[in-house]
Amino acid sequence: MPLKIVRNDITKMHTQAIVNTANEQVAVGPGCDKAVYDAAGFEELFAYRKEKVGVVPEGEVFITPGFGLKAKYIIHAVSPLYKDGNQGEEEKLRLCYRRSLELARKNAIRSVAFPLIATGSYGYPKEEGMRIAVDEINAFLLQNRMQIYIVVFDEKATMLGRSIYPDLEEYIDRRYEEETEIRGILANRFEAMHLGKAERNCFCESIEAFEEAHDSKLEERLRHLSDTFSEYLLYLIEEKEMDSVDVYKRAIVDKKTFSKLKNDSHYHPNKLTALCLCVGAKLNLDETKDLLARAGYALSPCDKTDIIFSYFIENEIYDMIELDIQLEEHGERCIIS
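Residues numbered from 1 in each chain as written. Predicted model: local features only at pLDDT ≥ 70, side-chain atom pairs only at ≥ 80, totals over all residues. Heavy atoms only, no water.

Would you mind going over the side chain of E322 with me for this structure?
Along the chain, the position of E322 falls in helix α14 (residues 320-329). Side-chain polar atoms of E322 contact the side chain of R7, separated by 2.4 Å. (Helix = DSSP H or I, 4+ residues; strand = E, 2+ residues; numbered from the N terminus. Polar contact = N/O pair within 3.5 Å; in protein donor to acceptor, adjacent residues only side chain to side chain.)

Below you can see the structure in the form of structure tokens.
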């Protein structure tokens with residue numbers, strides 16, 4: 001896999017190079033910058049920056065030896081300070097990724113680890129920062145071969161990971177057990193009722209229809225009975241007084257896909273994109289099931305990806321980066337990478 005998202009300390013990555021969120025001035029900033037200097041050898045790295053590099057403007061990059069790190073090189077990307085999103089921050093952040101990747105290519109680097117540049121002390125919104133990172137890295141990988149990691153390591157992610165690991169494992173096991181138990185009960189009842197295969201299927205469909213009919217508010221269903229997937233999604237966004245841009249950014253769905261949804265009421269995204277949009281719109285489990293059904297999808301109690309999404313939605317954890325890491329760590333296909 002040429003792009004992979006991992007939870008780790010970037011200073012401990014066994015890659016040829018790591019990328020550092022660097023300061024414009026000859027100074028060391030908090031967060032990633034300070035951690036990299038400390039791990040590499042503060043005095044040695046700082047002296048190199050002062051004597052051989054100097055001041056570097058936002059959006060530019062430079063390379064130094066890795067000194068005490070496992071990585072041979074450190075690529076320093078001078079990160080933009082996020083103000084309001086209207087001061088050219090996005091273009092500067094994109095340049096940080098493009099120029100870092102180009103510098104790695106020129107130095108024949110075969111593997112590189114990125115932090116989520118500028119999303120820490122520099123204030124760039126995390127979901128938007130991830131979307132930009134994936135955009136730029138995927139564009140680079142279309143024409144180049146390189147193993148690239150995005151390393152997520154912050155207090156929020158670590159605490160969240162610790163808090164949901166045991167619960168998530170239990171949730172997955174419980175869903176499988178419940179499904180197995182239900183199947184066993186139904187099988188016994190089918191035998192007692194002497195139902196054939198066609199009758200059993202009909203009986204199961206009736207149960208599913210009954211559950212679906214009672215999962216959502218009746219009044220809401222009646223008002224929006226004929227809504228398509230996109231119409232109902234836009235209705236829910238409006239009802240929750242959300243901004244559409246915030247929704248697709250939180251879902252880490254590209255603007256082009258969301259524009260298709262807005263402009264074509266009959267457009268259906270693939271199931272994974274639909275699930276991401278449910279997270280982006282902060283839907284509850286009933287709303288998620290209802291919305292998915294309008295595109296012909298359903299949450300399966302036997303599919304780990306569906307169960308993990310269900311767990312996050314049911315527990316109101318609307319964090320696509322953390323969700324993607326959990327998919328990876330449970331052996332499922334990642335969404336972002």
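Which parts of the structure should I look at to understand the sheet that holds strand β1 (residues 3-7)?
Strand pairing in a sheet relies on backbone hydrogen bonds. The paired strands run either parallel or antiparallel. Spatially, the 6 strands line up as an open sheet ordered β1-β6-β5-β2-β4-β3, and their pairing is mixed. Single-partner strands in this sheet number two, and they are β1 and β3 (61-65). Here the average twist between neighbouring strands, direction ignored, is 25°. Where strand β5 (residues 111-115) meets strand β6 (residues 147-152), 5 bridges bridge the pair, whose relative direction is parallel. Note on β6: the bridge partner recorded for V112 is I148. Across the sheet, helix α2 (residues 42-52) is in contact with β3 and β4 (73-78); its angle to β3 comes to roughly 135°. On top of the sheet, α14 reaches β1 and β6; it is set at about 100° to β1, its chief contact. (Pairing = 2+ DSSP bridges. Axes fitted to C-alpha atoms, helices over the stretch in contact; angles between N-to-C directions. Contact = heavy atoms within 4.5 Å.)

What is the right way to look at the confidence of the model for the protein in this model?
Should pLDDT be low for a region, the predicted coordinates there are not to be read in detail. Residues of the protein with pLDDT of at least 70 account for 79%, and the chain-wide mean is 84. Contacts from residues 157-162, a stretch scored under 50 in pLDDT, to residues over four places away or in other chains number 10 contacts. (pLDDT = per-residue confidence, 0-100.)

Help me out: how do you make sense of the packing of helix α3 (residues 89-106) against helix α4 (residues 126-141) in this one?
In a packed pair of helices, the relevant descriptors are the angle between the two axes and the axis-to-axis distance. Between α3 and α4, the least distance of the axes is 10 Å, while the angle of their chain directions is 35°. As for the relative orientation of α3 and α4, their crossing is right-handed in sense. Here E90, L93, R94, Y97, R98, L101, E102 and R105 of α3 lie close against α4, whose contacting residues are E128, G129, R131, I132, A133, D135, E136, I137 and F140. Looking at the contact of α3 with α4 residue by residue, the class counts come to 7 nonpolar, 1 polar and 9 charged. (Left-handed = near helix turned anticlockwise from the far one by under 90°. Nonpolar A, V, L, I, M, F, W, Y, C, P; charged D, E, K, R; others polar.)

I tried to follow the nonpolar core on my own but got confused; where do I start?
One recurring pattern in soluble globular proteins is that nonpolar side chains are buried together. F114, I117, M130, I148, I150, L233 and F309 are the most contacted members of the largest nonpolar core, which totals 74 residues. In this view, F114 contacts I10, V19, Y97, S100, L101, I137, I148, Y149, I150 and V151; residues no more than four positions away in its chain are not counted. Among the nonpolar cores identified, the runner-up in size contains 13 residues, and I10, V36, A40 and V151 belong to it. (Core = buried A, V, L, I, M, F, W, Y, C linked by side-chain atoms within 4.5 Å. Buried < 20%, exposed > 50% of the residue type's maximum accessible area, 1.4 Å probe, protein only.)

What exactly am I supposed to notice about the packing of aromatic side chains here?
The description of an aromatic ring pair uses the distance of the two centres, along with the angle that the planes make with each other. Inspection of the entire model under this criterion finds 8 aromatic pairs. When the centroid spacing of 4.9 Å and the interplanar angle of 65° are considered together, the rings of Y82 and Y124 count as edge-to-face. With a gap of 42 residues between them, Y82 in the loop between β4 and α3 and Y124 in the loop between β5 and α4 connect regions that are remote in the sequence. Its relative accessible area of 26% is what places Y82 among the partly exposed residues. Residue placement shows R294 over the ring face of Y232; its charged tip is 3.9 Å from the ring centre. (Phe/Tyr/Trp six-rings, centres within 6.5 Å; stacked < 30°, edge-to-face > 60°. Lys NZ or Arg CZ within 6 Å of the ring centre and 35° of its normal.)

Looking at this structure, I do not really get the environment of E24. What am I missing?
Considering the arrangement of structural elements, one finds E24 in the loop between β2 (17-22) and α1 (32-40). Between the C-alpha atoms of E24 and V78, which are 54 residues apart in sequence, the distance is 5.7 Å. Contact partners of E24, with chain neighbours within four places excluded, come to R49, V55, V56, P57, E58 and V78.

Please explain the packing of helix α13 (residues 304-314) against α14 as it appears in this structure.
Viewed as axis vectors pointing N to C, α13 and α14 meet at an angle of 145°, and their least axial separation amounts to 10 Å. For the crossing formed where α13 meets α14, the hand is right-handed. Along its contact with α13, which presents T305, I308, F309 and F312, the element α14 presents M320, E322, L323, Q326 and L327. Per-class residue counts for the contact of α13 with α14 are 6 nonpolar, 2 polar and 1 charged.

What is the right way to read helix α10 (residues 255-263) from this model?
For an α-helix, the turn length of 3.6 residues means that residues three or four places apart are oriented alike. Every buried residue of α10 is accounted for by T257, F258 and L261. The arc that holds the buried residues of α10, viewed along the axis, is 95°, so those residues lie on one side. Seen from the open side of α10, the exposed residues pointing more than 90 degrees away from its buried face are K255, K256 and N263. Buried residues belonging to α10 abut α8 (229-239), α9 (244-250) and α11 (271-280). The N-cap of α10, judged by a side-chain oxygen 3.1 Å from the amide nitrogen of K256 a few residues on, is D254. (Arc of directions from axis to C-beta.)

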